[in-house]
Amino acid sequence: MDEKTLRKNIIKMREDLDEATIRLSSAIITESLFSLKGFTEFSTYFVYNSFRGEVDTNEIINRLKILGKTVLYPLTKGDTMYAVKPEDNSFEKDKFGVYVPTNYSIFDSVDVVIVPLVACDKNLNRMGFGKGYYDRFLRNRKCLKIGICHDFQVVDELCPKEWDVPLDVVITEKRILRR
């Protein structure tokens, strides 16, 4: 199956999930994430705001804040994605329909990135929406890259491009894959 068809099919499957399934998968994935050895020992966590059937990141964000961690969010401008810290609780939808902070400061240093994905393979190659924001953001950063997704989003093999950045860990509701 070609990349475009695979992306379209998996996005459709994800969007067709009912809320109860998303809640259950998200709860299991969140517990697995927080049980990873050393996960909570970092300072700055870059976490996306979920939408369109993605694993719900709200509990991850809340738990990190309770632990006193710095939580950063993605913000895109042009072809560049930034890690931003909200200055208050004001968020608005961006051009993709994702909630982003309206008042923020930009951070250069990030310890852990929770990476959204459309699909990944067993070698931890990732397929996103095809815009390349995360690959450009992650390219020269020393950070832990963790993908979270529903188990059906893990496929046998993807054909990564030279600019694709592989993940270090992928967590689904059924398994944890490590590089």
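This text goes with the structure placed above it.
Residues numbered from 1 in each chain as written. Predicted model: local features only at pLDDT ≥ 70, side-chain atom pairs only at ≥ 80, totals over all residues. Heavy atoms only, no water.

1. Topic: helix H1 (residues 3–15)
(1) Moving on: A rise of 1.5 Å per residue sets the reference length of H1, with its 13 residues, at 18 Å; its end C-alpha atoms lie 18 Å apart and thus fit the reference within 8%.
(2) Moving on: Along H1, the residues classified as buried are Leu6, Arg7, Ile10, Ile11 and Arg14. For H1, the buried positions fall inside an angular range of 125° around the axis, keeping them on one side. What points out from H1, more than 90 degrees from its buried face, is the exposed set Lys4 and Lys8.
(3) Moving on: Of the surrounding secondary structure, the elements contacted by the buried residues of H1 are strand E8 (119–121), strand E9 (126–127) and strand E11 (154–155).
(4) Moving on: Backbone nitrogen of Lys4 and a side-chain oxygen of the N-cap are separated by 3.1 Å at the start of H1; the cap is Asp2. (Helix = DSSP H or I, 4+ residues; strand = E, 2+ residues; numbered from the N terminus. Expected span 1.5 Å × (residues − 1). Buried < 20%, exposed > 50% of the residue type's maximum accessible area, 1.4 Å probe, protein only. Arc of directions from axis to C-beta. Contact = heavy atoms within 4.5 Å. Polar contact = N/O pair within 3.5 Å; in protein donor to acceptor, adjacent residues only side chain to side chain.)

2. Some points on the side chain of Lys145
(1) Moving on: In this fold, Lys145 is placed in strand E10 (residues 144–148).
(2) Moving on: Reaching out from Lys145, the side chain makes a polar contact with the backbone oxygen of Cys143 at a distance of 3.4 Å.
(3) Moving on: Setting aside residues up to four positions removed in sequence, Lys145 forms contacts with Val113, Val115, Leu138, Val165, Pro166, Leu167, Asp168 and Val169.

3. A closer look at the environment of Phe39
(1) Moving on: Summarising the element assignment, Phe39 is placed in the loop between helix H2 (19–35) and strand E1 (44–47).
(2) Moving on: When the C-alpha positions of Phe39 and Thr76 are compared, they lie 26 Å apart, and in sequence the two are 37 residues distant.

4. Quick notes on the packing of aromatic side chains
(1) Moving on: According to the stated counting rule, one finds six aromatic pairs in the structure shown.
(2) Moving on: Arranged with centres 5.2 Å apart and planes meeting at 80°, the rings of Phe34 and Phe39 form a pair that is edge-to-face.
(3) Moving on: Looking at Phe39, the relative accessible area reads 2%, which means it is buried.
(4) Moving on: Aromatic side chains Phe39 and Tyr45 sit 5.2 Å apart centroid to centroid with 65° between the ring planes, which places their arrangement in the edge-to-face category. A single burial state applies to Phe39 and to Tyr45, both of which are buried. (Phe/Tyr/Trp six-rings, centres within 6.5 Å; stacked < 30°, edge-to-face > 60°.)

5. Concerning helix H3 (residues 58–66)
(1) Moving on: Buried within H3 we find Ile60, Ile61 and Leu64. Within H3, the buried residues cover an arc of 95° as seen down the axis, which keeps them to one side.
(2) Moving on: The elements touched by buried residues of H3 are H2, E1, strand E2 (70–77) and E10.
(3) Moving on: One or two positions beyond H3, positive phi appears at Gly68, with a value near 80°.

6. Quick word on the sheet that holds strand E3 (residues 80–86)
(1) Moving on: In spatial order, the strands read E6-E3-E2-E1-E7-E10-E12-E13; together these eight strands make up an open sheet with mixed pairing. Only two strands of the sheet have a single neighbouring strand rather than two, namely strand E6 (104–107) and strand E13 (176–178). Across the sheet, the axes of successive neighbouring strands diverge by a mean angle of 30°, strand direction being ignored.
(2) Moving on: Docked against the sheet, H2 engages strand E7 (112–115), E10, strand E12 (169–171) and E13, running at close to 145° with respect to E12.
(3) Moving on: Taken strand by strand, H3 contacts E1, E2 and E10, and its axis lies near 135° from that of E2. (Pairing = 2+ DSSP bridges. Axes fitted to C-alpha atoms, helices over the stretch in contact; angles between N-to-C directions.)

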